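Structural overview
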Amino acid sequence: MRIYTGNIQTSPHECFKPAQSMSFPSNKHLTDDMHSTCADAATMRKARFWNRIARKYAADPIPDMAGYETSLQRTRGLLSTEHNVLEIGCGTGTTALHLAASTGCFLATDISAEMIAIAKEKLASQPTPQLSFALADADLPMSGSATYDRVLAFNILHLVSDLDQTLAKAAQALRPGGLFISKTACIAEMNPLIQHLALPLMRVIGKAPLIVQCLNETQLRAALTRQGLQIVSVERHGTKKKDFRVFIIASKPLATDPS
Ligand SMILES: C[S@@+](CC[C@H](N)C(=O)[O-])C[C@H]1O[C@@H](n2cnc3c(N)ncnc32)[C@H](O)[C@@H]1O
């Protein structure tokens, strides 16, 4: 069972400011330093699991290729070569490598240095000028405000520490009228034994990540709405028996209604 399903920052693409750096600031006020140190330690703890499994994750086949292709096609249809795109939790960059050529600029980020290293290896063998990879924790502030036309989050929202905080930052990073496109495992919709028995056990033996939120579709929709995003579409693309992964497109309103 894959509960988690679904080189430190170098030269980010020039269209983008780099995502939140994970290096320690050298000349900031002490309290800022303490804050960063805590954030870095927490980030490193969360990344450990993903670093450890990255090579295996890269080698594993996509479990439902037809469902994956549907999500890719759906997303590609919402992209243009004018768009600045940010992907959070990009893993080994498979999706970014499929989509980046349909965009103007595509910054794909992940918390795991190992995942990003593999993504960069793939990019080297499949040069894609629009695409760059960078290390970033989706629990921390994202680069730029109102910078991106699209923010993509595939198989990541159930893995962040604070969903509201991550979505608030994603919404902030989007331009008005921009789209947040996500696919998320709804573990709360699975057999309760997974949430209450299998997951805790797997965590104990190091087979599940530190953070896994057991969400359902209603909670996800509500969380997006709380950040002022408007749900455009809710879809399921899986082709196997029951699809526990919900694909949601949400838009950032063009202007705040004064009333
Ligand atoms: C299940 S994988 C999904 C990867 C890719 N998006 C996909 O669909 O194949 C989850 C990814 O999220 C990353 N991740 C976990 N927590 C994260 C966080 N707080 N910030 C950024 N990335 C995170 C992991 O390193 C891993 O690469």
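Residues numbered from 1 in each chain as written. Predicted model: local features only at pLDDT ≥ 70, side-chain atom pairs only at ≥ 80, totals over all residues.

1. What about helix α5 (residues 163-173)?
Formally: The burial label depends on the number of other C-beta atoms within 10 Å of a residue's C-beta. Counts of 20 or more mean buried, 12 or fewer mean exposed, and intermediate counts mean partly exposed, with C-beta atoms placed from the backbone. Secondary structure elements are defined from DSSP: runs of H or I of at least 4 residues count as helices, runs of E of at least 2 residues count as strands, and each element is numbered from the N terminus. By definition, residues are in contact whenever their C-beta atoms, placed on the basis of the backbone, come within 7 Å of each other.
Considered for burial, the residues of α5 that qualify are L163, T166, L167, K169, A170, A171 and A173. Buried residues along α5 sit in contact with β1 (84-88), β4 (148-154), β5 (174-185) and α7 (217-226).

2. Things to note about the nonpolar core
Formally: Defined on buried residues, the nonpolar core groups Ala, Val, Leu, Ile, Met, Phe, Trp, Tyr and Cys residues joined through C-beta atoms within 7 Å.
One finds F106, V151, A170 and F180 to be the most contacted residues of the largest nonpolar core, which totals 60 residues. What F180 contacts, discounting residues up to four positions off in sequence, is V151, A170, A171, L174, L229 and A250.

3. Thoughts on the sheet that holds strand β6 (residues 230-235)
Adjacent strands of a sheet form backbone hydrogen bonds with each other and so pair up, either parallel or antiparallel. Quick note on the threshold: When DSSP finds at least two bridges between two strands, those strands are taken to pair. Every angle, taken between N-to-C directions, lies between 0 and 180 degrees, and every axis is a line fitted to C-alpha atoms, over only the stretch in contact when it is a helix.
Strand order in the open sheet formed by seven strands is β3-β2-β1-β4-β5-β7-β6, and the pairing between neighbours is mixed. One side of each edge strand has no neighbouring strand; the edge strands of this open sheet are β3 (131-135) and β6. Along the sheet, successive strands turn relative to each other by an average axial angle of 15°, direction set aside. Bridge count for β1 against strand β2 (residues 105-110) is four bridges, and the pairing is parallel. For L86, the partnering residue across the bridge sits in β2 and is L107.

4. A short note on the pairing of β3
For clarity, the cut-off: With its strands directed away from the observer, a crossover is right-handed exactly when the path from the first strand over the helix to the second travels clockwise.
The element β3 is largely enclosed, with a buried count of five among its five residues. The alternating pattern of β3 places L131, F133 and L135 on one face and S132 and A134 on the opposite face, and all of these are buried. Regarding the hand of the β-α-β motif, the stretch spanning β2, helix α4 (residues 113-125) and β3 is right-handed.

5. Observations regarding the packing of α5 against α7
Our working definition: Orientation is classified from the angle alone, with under 35 degrees giving roughly parallel, over 145 giving roughly antiparallel, 65 to 115 giving roughly perpendicular, and any other angle giving oblique. In this scheme, a crossing is called left-handed if the near helix is turned counterclockwise away from the far one by less than a right angle; it is called right-handed if the turn is clockwise. Classes in brief: Ala, Val, Leu, Ile, Met, Phe, Trp, Tyr, Cys and Pro nonpolar; Asp, Glu, Lys and Arg charged; the others, Gly included, polar.
Put simply, α5 and α7 touch, their axes get as near as 9 Å, and they point 50° apart. Viewed along their axes, α5 and α7 adopt a mutual orientation that is oblique. α5 and α7 meet at a crossing whose hand is right-handed. Along the contact surface, α5 presents L163, D164 and L167, while α7 presents A223, L224 and R226. Considered class by class, the residues forming the contact of α5 with α7 number four nonpolar, no polar and two charged.

6. Overview of the environment of Y57
You can see Y57 is positioned in helix α1 (residues 30-59). Taking the number of C-beta atoms within 10 Å as the measure of exposure, Y57 has 20 and is therefore buried. Remark: the alpha-carbon pair of Y57 and G91, spanning 34 residues in sequence, is separated by 8.5 Å. With residues near it in sequence (within four places) discarded, Y57 still touches G91 and T92.

7. A word on the environment of G206
Within the secondary structure, G206 sits in the loop between α6 (192-204) and α7. When the C-alpha atoms of G206 and R52 are compared, they prove to be 9.9 Å apart, with 154 residues separating the residues in sequence.

8. Digging into the confidence of the model for the protein chain
Where we set the bar: The predictor attaches a confidence to each residue, and that confidence, scored 0 to 100, is pLDDT.
On average, residues of the protein chain carry a pLDDT of 86, and 83% of them reach 70 or more. The model gives residues 7-35 a pLDDT under 50, and that stretch makes 50 contacts with residues more than four places away or in other chains.

9. Let's talk about the environment of K252
With respect to the secondary-structure elements, K252 resides in the segment after β7 (245-251). Accessibility expressed as a C-beta count within 10 Å gives 23 for K252, which makes it buried. It is 6.8 Å that separates the C-alpha atoms of K252 and A171, two residues lying 81 residues apart in sequence. Not counting chain neighbours up to four residues away, the residues in contact with K252 comprise A171, L174, P176, G177, G178 and L229.

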